[in-house]
Structures are given as structure tokens and as C-alpha cells.
Amino acid sequence: MRMYRKIAAALKKYLMKKILSAFVGVISVVSAQAQNINPGSDYNTSRDHTWAPKVKEPIKGDSLLSNWCLDVNLTGGVLMENITANDPTAHYLDVVNSSFGNLKFTKGSSFGIDGEIAYFFNKHRNWGIGTGIWYMEQGGTVTMDNFHVEYRSTDYAGNTFRQVVTADNSIQEKLHTSNLNIPLLLKYKIKGSKSIGFAVDAGLMFNITENNAYTSNASFDYEGIYKYVGTEGNISTVYDNGVVPGASDVLYTKNQYLSTHSPASIQNYFNTLRAQGNNLGLGVQANSNTGNVSYTSGSVGFLIRPAISFYLSNQVALNLGAYYLYQDFMNNAAGNYKITDKIGQYSSILNTVTKDANNSVGISFGVRVFLCKAKEAKVAEPELAPEEDKVIETPPPAPQSPPEETADVAPLPDLSTPILFDLDKTTIKTESYPILEEAVIEVNENKNAHLVVHGYTDNTGGAAYNRALSRRRANAVKTYLREKGVKPKLIKTVGHGSKSPAASNSTPEGRMQNRRAVIKLK
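What counts, and where the lines are drawn
Each chain carries its own residue numbering, running from 1 in the written order of its sequence. In view of the model being predicted, local features appear only for residues whose pLDDT reaches at least 70, and side-chain atom pairs are presented and counted only at 80 or more, with totals across whole chains, interfaces and linings using the full set of residues. Excluding hydrogens and water, the side-chain values take into account all heavy atoms of the structure. Working definition: helices are DSSP H or I runs of at least four residues, strands are E runs of at least two. Numbering for both runs from the N terminus. Burial status follows relative accessibility: with a 1.4 Å probe on protein chains alone, a residue under 20% of its type maximum counts as buried, one over 50% as exposed, and anything between as partly exposed. Pairs of residues are marked as contacts when any of their non-hydrogen atoms sit within 4.5 Å. Each Phe, Tyr or Trp ring, with Trp reduced to its six-membered ring, pairs with another whose centre is within 6.5 Å; inter-plane angles below 30 degrees give stacked pairs, above 60 give edge-to-face pairs, and intermediate values give tilted ones. Put simply, a charge is over a ring when the Lys NZ or the Arg CZ is close to the ring centre, within 6 Å, and near the line of the ring normal, within 35 degrees. Strands are treated as partners if at least two bridges between them are detected by DSSP. Axis lines are fitted through C-alpha atoms, for helices just across the contact stretch, and the angle between N-to-C directions can take any value from 0 to 180 degrees. Here the angle decides the label: under 35 degrees means roughly parallel, over 145 means roughly antiparallel, 65 to 115 means roughly perpendicular, and every other value means oblique. Each crossing is labelled by how the near helix is turned from the far one, with a counterclockwise turn of less than a right angle marking it left-handed and a clockwise turn marking it right-handed. Throughout, the ten residues Ala, Val, Leu, Ile, Met, Phe, Trp, Tyr, Cys and Pro are labelled nonpolar, Asp, Glu, Lys and Arg are labelled charged, and all others, Gly among them, are labelled polar. The term salt bridge refers to a side-chain nitrogen of Lys or Arg lying within 4 Å of a carboxyl oxygen of Asp or Glu. Throughout, the arc means that of the directions going from the helix axis to the C-beta atoms. In this description, a nonpolar core means a group of buried Ala, Val, Leu, Ile, Met, Phe, Trp, Tyr and Cys residues linked to one another through side-chain atoms lying within 4.5 Å. Patches here are clusters of residues that have more than 30% relative accessible area and form no salt bridge, with a 9 Å joining cutoff for like charges and a 5 Å cutoff for nonpolar side chains (Val, Leu, Ile, Met, Phe, Trp, Tyr). Computed with a 1.4 Å probe, the accessible areas rest on the Shrake-Rupley method; for each residue, only the protein chains presented here act as cover. Residues counted as positive are Lys and Arg, residues counted as negative are Asp and Glu, and His and the chain ends are not counted. Here the site of a charge means atom NZ of a Lys, CZ of an Arg, CG of an Asp or CD of a Glu. Any helix carries an expected span of 1.5 Å times its number of residues minus one. Viewed with both strands pointing away, a crossover whose connecting path from the first strand over the helix to the second turns clockwise is right-handed.

Trainee: Before we go on, may I ask you to explain the overall build of the chain in this structure?
Mentor: The helix and strand inventory of the chain stands at six helices and 20 strands. Classification of the 522 residues of the chain by burial places 41% in the buried group. The long-range fraction of contacts in the chain, counting pairs at least 24 apart against all pairs at least 6 apart in sequence, stands at 78%.

Have a look at this one:
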């Protein structure tokens, strides 16, 4: 039993580690993709370098999905149980010799169906909470390797004797378990693209009931030992509580019979004794080898279920993933329990169980249906180009004078124009976007070109901090360029700190010019 617990604990630890590692890896990839769904730009990247009115993209990703959804999932996997049980011989009277094996669970399987209604409550509709119902059909085999007990009993005539009961072989019960739970789950989802996303459910499972239907193979040998006392005409029986029966005891046992008789007649011998009313017999099976045992107390378990989501539309998604479920059942074992006492009587070995730790792991397939139509996308009013780049429309001149052509394009941005930052900030301002877009075009059109981004600060702050800040500013420019499709290996960043100021640091205006990044094409 100890070895089984170690193996189960190691397997549980290994599976949890793998599931969590997969969760972290997938969510990192999907989150990165989600940030790049619609990077957007105010700038027209074609070679005419014209400014065009910016129209905000429609709402994308999870924000376009309904807050409410219905989840239906099918699960299937293996079931492992670590069973703790009471001594099955504890309630026999004046036990002399006894032995029994611990309960072992093998060949476990678990299949379930669950449905939850969920509400995603935050602005971007990534986080939600759900509850519903989960029904599972589980199976497996519980085995007790051996069973033997010798105890005081009374026969049909009121005589006291030693009853000996021995299982013919390992007692096995094949189980069919129905398990009903109410889940309370924290849900997370994120769309990494139009059709692919990631989802995970994690939370508590409140068990309502667990019923075990069993079929047993149990059969027993019922033997007897009588000790007679008294004299002729006044003979009675007493209980011999010696570990080894006394020399004068009368033994109705297999070994005693076979010591003087042929094995071929032993079954008839015990059948005759049994027909006389004695509680004796060999290979006697239970009158009924089936039954039901329900645990008397529920449990609170834990579930984690990560999945990859495949969006068929903004109303329907398919989830394919894995699950891990742990449930710890505490049970009130049957009082005055005896596995068997009279011939043909049998009580399930499950009635000795006090604790049952269930671990189930497997795959999950689900359908998520959003209960409302997708949110209509809102389109913002066009944003005009910066003030200095606007083309001011004037009324056409008089007919007698032909209109002069006016330029409808902005001048080409100078790639060496500094990209300015606010104090202690690394956020790129919108007025610097044309410079960055020009850099993208230049490096894309020249296969041998690469970019060097130089970061600078003013003299505010210490030298070490300024060097780090200048590197972060250069890296902010690099990140923007990478999002626009420039390969990272074509971009090099350098942080100079407050060295090489472009203007005097003695005035606010000069310090503003020194908080900069400069792109150079090589």
C-alpha cells in the first residue's frame, strides 16, 4: 500500500507539473499573438508617404464576444484511488487468529459530461466565473488480497464453538460509480487570432453524491472447531481461545478431513454437515454478489482544465485540452461490520472505507456557445494628421484663372529626426510614427541595410539609471519596428545615457531635446 501511495503521489506531481508548464507556455504564446492582432498605424506605408485619415479598427478579440456563455464538455481519462479502510475483523467476537490485505484500486477509468453557465466580467472579457453540474461514470476494481478470521460463535443448537472463515482467493469487487458534482470555476480565455485562442478552467468541485454499484467474486470456506467439557451425561461446549486448538478439540476443517480421507469426498462431507444446520461449507458464494454502497459524506475537490480554443464564429468555439481532478472523500464506515458471518451472507468491502482520495487525469472536448450576438463594432471618427501636416482646402479660384495644383502629400520624414520622450518615460509619441514608418520602408527596400537605434537621456538622475533608461528607450523603438515586421537581427540598440547631449541641459527646452532616440541606417 505504501508503494502504491508513493507511485500515485509521484504521478500526481508529474502530471501537475506538465499541465502547468503547458499552461504557461501556451498562454505566453497566445498573449503575444493577441497583442499583435491589429497593431495599427496612422501612417500610410506605401512609397507615396502620404498621411491618411486614421479610422480606428473595429473592436477585436475577446471584447467582441458576449459576456455570457454556455460550456458543455466531455471528459475521459484514468482514475486512481488511494483507499484507507478499517480493520474488517474488528467486530468479530473474541478473535483468535486473523489476517487480511489492504484494499487496492486498479484498472480505473472516468468519463463525464458537464455543463456550466459562465459570465465574463472584466472590460476585455478575459476573466469569468461559472457554475453548473458535472456527472461522471467511473469504473475500476477493488481487491483485498486475503481474508481469514477465527472467532467465537454459536451454532444452530446453541453450542459455543470457534468459527473459522477463510476467503478462497483474493476478494475482488468490480465497481461502477456514478458521481454528481457542482463546479464553481474561475475561467480565463484569450483569442490569439481570429480563429485560435486559449482557455482554462480552475476551481472547486462540490460533490453531491457518489454511489458505487459492485459485483463481487467472493467465496468462503466456513469451518468449525469444538471443545467439549464435562462428563458423560453432562457434556457442553466452550470456546477454545488458544492460538492452536487443543488436542481434545473436534475439528471440522479441510486439513483435518484430508488427513484421513480422500479429497474426492470432502465436498460431500461438508454438504452433509451443512444440511444438518451447521454453519459449515466449502467454496460457498454469497447469496447475492451485487449491491450498492454510497458514501455518506460529500467532498470538496479541485479541478484544472486548460484547452486550445478553435473559434468557428463569434458565437461558437470548440475547446480541446486536458484535465486534472482531485476529490477526497471522507466516509463513515459501517458500524459492527462483518464481511461474512453466516453462510451465504456477504457485506461489501467498501463498507470498511473511511477515506478515498480520487485522482483523475485525461482529455477534454467541449463546446462554448456565447448566448448573445457579437457586440457591434464601434467606428470612431477619423483622426486627422498632425496640425503641421494638414492640407487646408480653399475655395476654387475664378473660372478665368486655372486652379493651381496643391500638394496633397506630406514631405518625406527625415530618418535621423530624433524621437523624443517625456521625462523618465519610454512611450513613443504619435508624432514620431512617420519616422518609424520611414525606417521600416527603408530597411525593407534595402536587403543589405540594418538599423542602429541610439538612446539618450537628459542629465536628470544618476549615471547608471540614465544608461538603463536610454537602453529602454532604444528597445522601445526596436519593439515597435519588430511589430511592423522588421526582423530583430536587423536592429541593434545602444544606450548612451546622458552623454552627447543635443542641447544644453540647463534649460527645460534643452533637456526635452536630449530625451531622445535616433535611428541610423547602415
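Resuming the write-up.
Trainee: How should I be thinking about the packing of aromatic side chains in this particular structure?
Mentor: Pairs of aromatic rings are described using the distance from one ring centre to the other and the angle between the two planes. Within this structure, the stated rule accounts for 13 aromatic pairs. One aromatic cluster is present, built from ring pairs that chain together Phe147, Tyr214, Phe220, Tyr222 and Tyr346. Seen from the ring of Tyr311, Lys191 lies directly overhead, with NZ or CZ sitting 4.6 Å from the centre. The residue whose ring lies beneath Arg516 is Tyr456, and the NZ or CZ to ring-centre distance is 3.8 Å.

Trainee: Explain the sheet that holds strand β18 (residues 451-455) to me, please; I cannot follow it from the model alone.
Mentor: Where strands meet in a sheet, backbone hydrogen bonds hold them as pairs that are either parallel or antiparallel. Spatially, four strands are ordered β17-β20-β18-β19 in an open sheet, and the strand pairing comes out mixed. Since the sheet does not close on itself, it has two edges, and those belong to β17 (419-420) and β19 (491-495), each with one partner. With two bridges joining them, β17 and strand β20 (residues 516-521) adopt antiparallel strand pairing. What sits directly across from Leu420, in β20, is Arg516. Lying on the sheet, helix α4 (residues 433-445) is in contact with β17, β18 and β20; it crosses β20 at an angle near 20 degrees. The strands touched by helix α5 (residues 463-483) are β17, β18, β19 and β20; relative to β19, the strand with the most contacts, the crossing angle is about 165 degrees.

Trainee: Would you mind showing me how to read the packing of α4 against α5 here?
Mentor: A pair of packed helices can be characterised by two numbers: the angle between their axes and the separation between those axes. Packing of α4 against α5 leaves a shortest axis separation of 10 Å and a crossing angle of 60 degrees. The angle between α4 and α5 falls in the class oblique. Read as a crossing pair, α4 and α5 show a hand that is right-handed. Judged by residue contacts, Tyr433, Leu436, Glu437, Ala439 and Val440 of α4 engage Val477, Tyr480 and Leu481 from α5. Partitioned by chemical class, the residues of the contact of α4 with α5 number seven nonpolar, no polar and one charged.

Trainee: Could you clarify how one ought to interpret the pattern of salt bridges in this entry?
Mentor: Any two side chains of opposite charge can pair if their charged atoms end up close together. The final tally for this structure, using the stated rule, is 16 salt bridges. Here Glu150 ties to Arg162 by a salt bridge, and the two come within 2.8 Å at their closest N and O atoms. Highlighted residues: Glu150 in strand β5 (residues 147-154) and Arg162 in strand β6 (residues 160-167), separated in sequence by 12 residues. This pair shows no difference in class: Glu150 is buried, exactly as Arg162 is. A salt bridge links Asp221 to Lys254; its shortest N-O distance comes to 2.9 Å. Here Lys254 lies in helix α2 (residues 254-258) and Asp221 lies in strand β9 (residues 219-231), a separation of 33 residues in the sequence. Overlapping salt bridges, with partners in common, bring together Asp71, Asp114, Glu116, Lys187, Asp201, Arg305 and Arg368 in one network.

Trainee: Just checking my understanding: could you explain unusual backbone geometry for this structure?
Mentor: It is generally the case that most residues other than glycine have a negative phi and that most peptide bonds are trans. Here the phi dihedral of Lys107 falls at roughly 55 degrees; this positive angle occurs in a residue that is not glycine. Along the chain, Lys107 turns up in strand β3 (residues 103-120). For Ser500, which is not glycine, the phi torsion reads 50 degrees and is therefore positive.

Trainee: I keep staring at helix α3 (residues 266-275) and nothing clicks. Help me out?
Mentor: Regarding α3, the residues found buried are Ile266, Phe270 and Leu273. Along α3, the residues classed as buried sweep out an arc of 55 degrees about the axis, all on the same side. Away from its buried face by more than 90 degrees, α3 exposes Asn268 and Ala275. Turning to α3, the residues buried within the fold contact β9, β11 (250-252), α2 and β12 (281-285). One or two steps after α3, the chain reaches Gly277, where phi turns positive at roughly 105 degrees.

Trainee: What is the right way to read the nonpolar core from this model?
Mentor: Soluble globular proteins tend to bury their nonpolar side chains together. Core analysis: the biggest nonpolar cluster contains 30 residues, and Val142, Phe147, Ile171, Phe220, Ile339, Tyr346 and Ile349 have the highest contact counts within it. Of all the secondary-structure elements, those providing two or more residues to this core are β1 (68-85), β3, β4 (127-144), β5, β6, β7 (171-191) and β9. For this core, the leading source of residues is β5, giving three residues. Judged by nonpolar contacts, the second largest core, of 21 residues, contains Val443, Ala474, Tyr480 and Leu481.

Trainee: Looking at this structure, I do not really get a positive patch on the surface. What am I missing?
Mentor: Together, Arg467, Arg471, Arg472 and Lys499 give the surface a local cluster of positive charge. Within the element layout of this structure, Arg467 appears in helix α5. Judged by its relative accessible area of 40%, Arg467 falls in the partly exposed class.

Trainee: Help me understand α4, please; the structure alone is not making it clear to me.
Mentor: In an α-helix there are 3.6 residues to a turn, and that puts residues three or four apart on one side. Compared with the 18 Å implied by 1.5 Å per residue over 13 residues, the 18 Å span of α4 between its first and last C-alpha is a close match. In terms of residue burial, α4 counts as a mostly covered element, since 10 of its 13 residues are buried. Along α4, the residues classified as buried are Tyr433, Pro434, Ile435, Leu436, Glu437, Glu438, Ala439, Val440, Ile441 and Val443. Here the buried face of α4 lies against β17, β18, α5 and β20.

Trainee: Any chance you could explain the pairing of β19 here in plain terms?
Mentor: Residues in a regular strand project their side chains so that they alternate between the two faces of the sheet. With five bridges joining them, β18 and β19 adopt parallel strand pairing. Bridge pairing links His454 to Val494 in β19. Assessed by its sense of winding, the connection that carries the chain from β18 through α5 to β19 is right-handed.

Trainee: Just to check I follow, could you spell out the environment of Phe121 for this structure?
Mentor: Following the sequence through the fold, Phe121 ends up in the loop between β3 and β4. It is 9.0 Å that separates the C-alpha atoms of Phe121 and Trp68, two residues lying 53 residues apart in sequence. Phe121 has contacts with Trp127, Gly128 and Ile129, leaving out every residue within four places of it along the chain.

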